[in-house]
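# Secondary and tertiary structure notes
Letter by letter, the chains look like this.
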Amino acid sequence: MHLPNRQKTRTPLAGVTTAIVVLVAIYALTTVIFYIPHASLASVIIHAVGDLIVAPNTLYQFRRISPPDAVIFAVGLVVAITNTIPNSIYATVCISIAVLIFRHAKAPGHSLGQIWIGGQKQRPLFLPMDDPDAYPDMKPENPRPGVFIYRFSEGFNYPNASHYTEAMVQSIFKRTRRTNAHAHVTKGDRPWNDPESGRKANSGEEDLPLLRAVILDFSAVNNVDVTSVQNLVDVRNLLNLRAAPVEVQFHFGHVRNRWTKRALAAAGFGYPTSCTAMPIIDGKDVEVSGIQECGHRHDVEIGKEAISCKRAEQWVESEKNTCNETSRSVKSANRPFFHADLMSALETVDAYLSTNPA
């Protein structure tokens, strides 16, 4: 790109011309280049890479933008001066890959709380509850007792699935109580990683709400794999055991990728867990049913392609009764627990809780 910049060219064709000239020089002019004095070749190289030299304030700006990148640059520079240039390239590439993997594997998830902003026409805003310093003037609160919203910050697949789910389960356990503290008759029946069964409740623990629903924000998730989906299945089984005999509802917001939705549906998500899922229509998942009046939602949800079980029909009917004629909702036609946004998911949970109190 150096030659086109110096020639003041303005089209991508200049890059093609430069590449052709370089290839011809490498494969056809090596014999001629052999007789060029080293001093002349050195001057050409210095002239070519002169634009790569940056001022110290530029490096300081790089450090402000990304401190790890500044450290990687410093390591590469030191290795290039004290060792060889190829080794400096290997060092910087390896460190960059390690930083990328670490960032992805330890990406922090966030439990979201809800606040209302906007004056007279208020609208909900969901903010992390585990980082109070980020919004010192706002105190997000749990949207509903026993309802938790969790956001994945950077994808959801094999490297970070366990990290996400462990943090989510720990957060839920701290804010809810078990339905039956003596679920296991004997100590031998208690799983090794379940310290709460059979022990007396701590002071104030009996005031904690029961777990009813979990809403997962998939706005930062594009693809999932078998390991990540299996982690969600394990979490669902664990939370259902904690909330038994009530089943914990899992709702999903901002699921944009159709294959991600198919994977979740194949694992039993997207509808009440006690129901049997219908196959995806003609190999294609219904992305969004569109904006529908609540009066017609019941007909869509219990149609031929929808889930069919008594509990699902009761849930749809209860949601219909809680809506007025002007309210609207966007959701999957045959997967009612896949929502276009978090507020739609929260409204669905409210409809469920209004007819199924704890």
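Parameters and conventions
- Residues numbered from 1 in each chain as written.
- Predicted model: local features only at pLDDT ≥ 70, side-chain atom pairs only at ≥ 80, totals over all residues.
- Heavy atoms only, no water.
- Helix = DSSP H or I, 4+ residues; strand = E, 2+ residues; numbered from the N terminus.
- Contact = heavy atoms within 4.5 Å.
- Salt bridge = Lys/Arg side-chain N within 4 Å of Asp/Glu carboxyl O.
- Buried < 20%, exposed > 50% of the residue type's maximum accessible area, 1.4 Å probe, protein only.
- Phe/Tyr/Trp six-rings, centres within 6.5 Å; stacked < 30°, edge-to-face > 60°.
- Lys NZ or Arg CZ within 6 Å of the ring centre and 35° of its normal.
- Core = buried A, V, L, I, M, F, W, Y, C linked by side-chain atoms within 4.5 Å.
- 1 Å grid on protein atoms, 1.4 Å probe; cavity = no way out; pocket = protein on both sides within 12 Å on 5 of 7 lines; lining within 4 Å.
- Points joined across faces, edges and corners; volume = space filled by probe spheres on them.
- Nonpolar A, V, L, I, M, F, W, Y, C, P; charged D, E, K, R; others polar.
- UniProt positions renumbered as here; feature names shortened; annotations may be inferred.

### Examining the environment of valine 248
- With respect to the element layout, valine 248 can be found in the loop between helix H9 (226–243) and strand E5 (249–253).
- Along the backbone, valine 248 and valine 147 are 101 residues apart, and their C-alpha atoms lie at a distance of 9.5 Å.
- Not counting residues within four places of it along the chain, the set of residues in contact with valine 248 comprises Leu211, Arg212, Ala213, Val214, Leu239, Asn240 and Ala243.

### Observations concerning the pattern of salt bridges
- Taken as a whole and assessed by the stated rule, the structure comprises two salt bridges.
- Here aspartate 350 ties to arginine 144 by a salt bridge, and the two come within 2.8 Å at their closest N and O atoms. A residue pair is termed long-range when its members are at least 10 positions apart, and aspartate 350 in helix H13 (residues 342–355) and arginine 144 in the loop between strand E2 (123–128) and strand E3 (147–151) qualify at 206 residues.
- Note on aspartate 350: relative accessible area 25%, which makes it partly exposed.

### Comments concerning the packing of aromatic side chains
- Evaluation of the coordinates by the stated rule reveals 11 aromatic pairs.
- For the ring pair phenylalanine 250 and phenylalanine 269, a centre distance of 5.8 Å and an interplane angle of 65 degrees mean the geometry is edge-to-face. Of this pair, phenylalanine 250 sits in strand E5 while phenylalanine 269 sits in the loop between helix H10 (258–266) and strand E6 (292–293), placing them 19 residues apart in sequence.
- With a relative accessible area of 2%, phenylalanine 269 lands in the buried category.
- Three or more aromatic residues link up through ring pairs in this structure, and these residues are Tyr150, Phe152, Phe156, Tyr164, Phe218, Phe250, Phe252, Phe269 and Phe338.
- One cation-aromatic arrangement involves arginine 236 over phenylalanine 269; the distance from NZ or CZ to the ring centre is 4.4 Å.
- The lysine or arginine in question, arginine 242, covers the ring of phenylalanine 173, its NZ or CZ lying 4.2 Å from the ring centre.

### A short note on the nonpolar core
- Of all hydrophobic cores here, the largest spans 29 residues; its most connected members are Phe156, Val214, Leu216, Phe218, Phe250 and Phe252.
- Only E3, helix H8 (161–175), strand E4 (213–217), H9 and E5 provide two or more residues apiece to this core.
- Among the elements that make up this core, the one with the highest residue count is H9 (six residues).
- Look past the residues within four positions of valine 214 in its chain and what remains in contact with it is Phe148, Met168, Ile172, Leu239, Val248, Gln249, Phe250 and His251.
- Of all hydrophobic cores here, the second largest spans 13 residues; its members include Ala213, Ile215, Leu346 and Tyr352.

### Topic: empty space enclosed by the protein
- Evaluated as defined, the whole model comprises one cavity of 30 Å³ or more.
- In this model, the largest cavity occupies a volume close to 30 Å³.
- Forming the walls of the largest cavity are Ser111, Phe148, Ile149, Tyr150, Met168, Ser171 and Ile172.
- Elements with a minimum of two residues in the lining of the largest cavity: E3 and H8.
- Residue composition of the lining of the largest cavity, by class: five nonpolar, two polar and no charged.

### Regarding the environment of isoleucine 115
- If you trace the backbone, isoleucine 115 turns up in strand E1 (residues 110–117).
- The class of isoleucine 115 is buried, set by a relative accessible area of 11%.
- Along the chain, isoleucine 115 and proline 143 lie 28 residues apart, while their C-alpha atoms are 8.4 Å from each other.
- Residues contacting isoleucine 115, with those up to four places away along its chain left out, are Arg123, Pro124, Leu125, Leu127, Met138, Lys139 and Pro140.

### Describing the UniProt feature "transmembrane region" (unreviewed entry) in the protein
- Using the residue numbers shown here, the UniProt feature "transmembrane region" (unreviewed entry) corresponds to residues 12–35, 41–60 and 72–102.
- The span residues 12–35 carries 88% helix and 0% strand; its end-to-end C-alpha distance comes to 33 Å.

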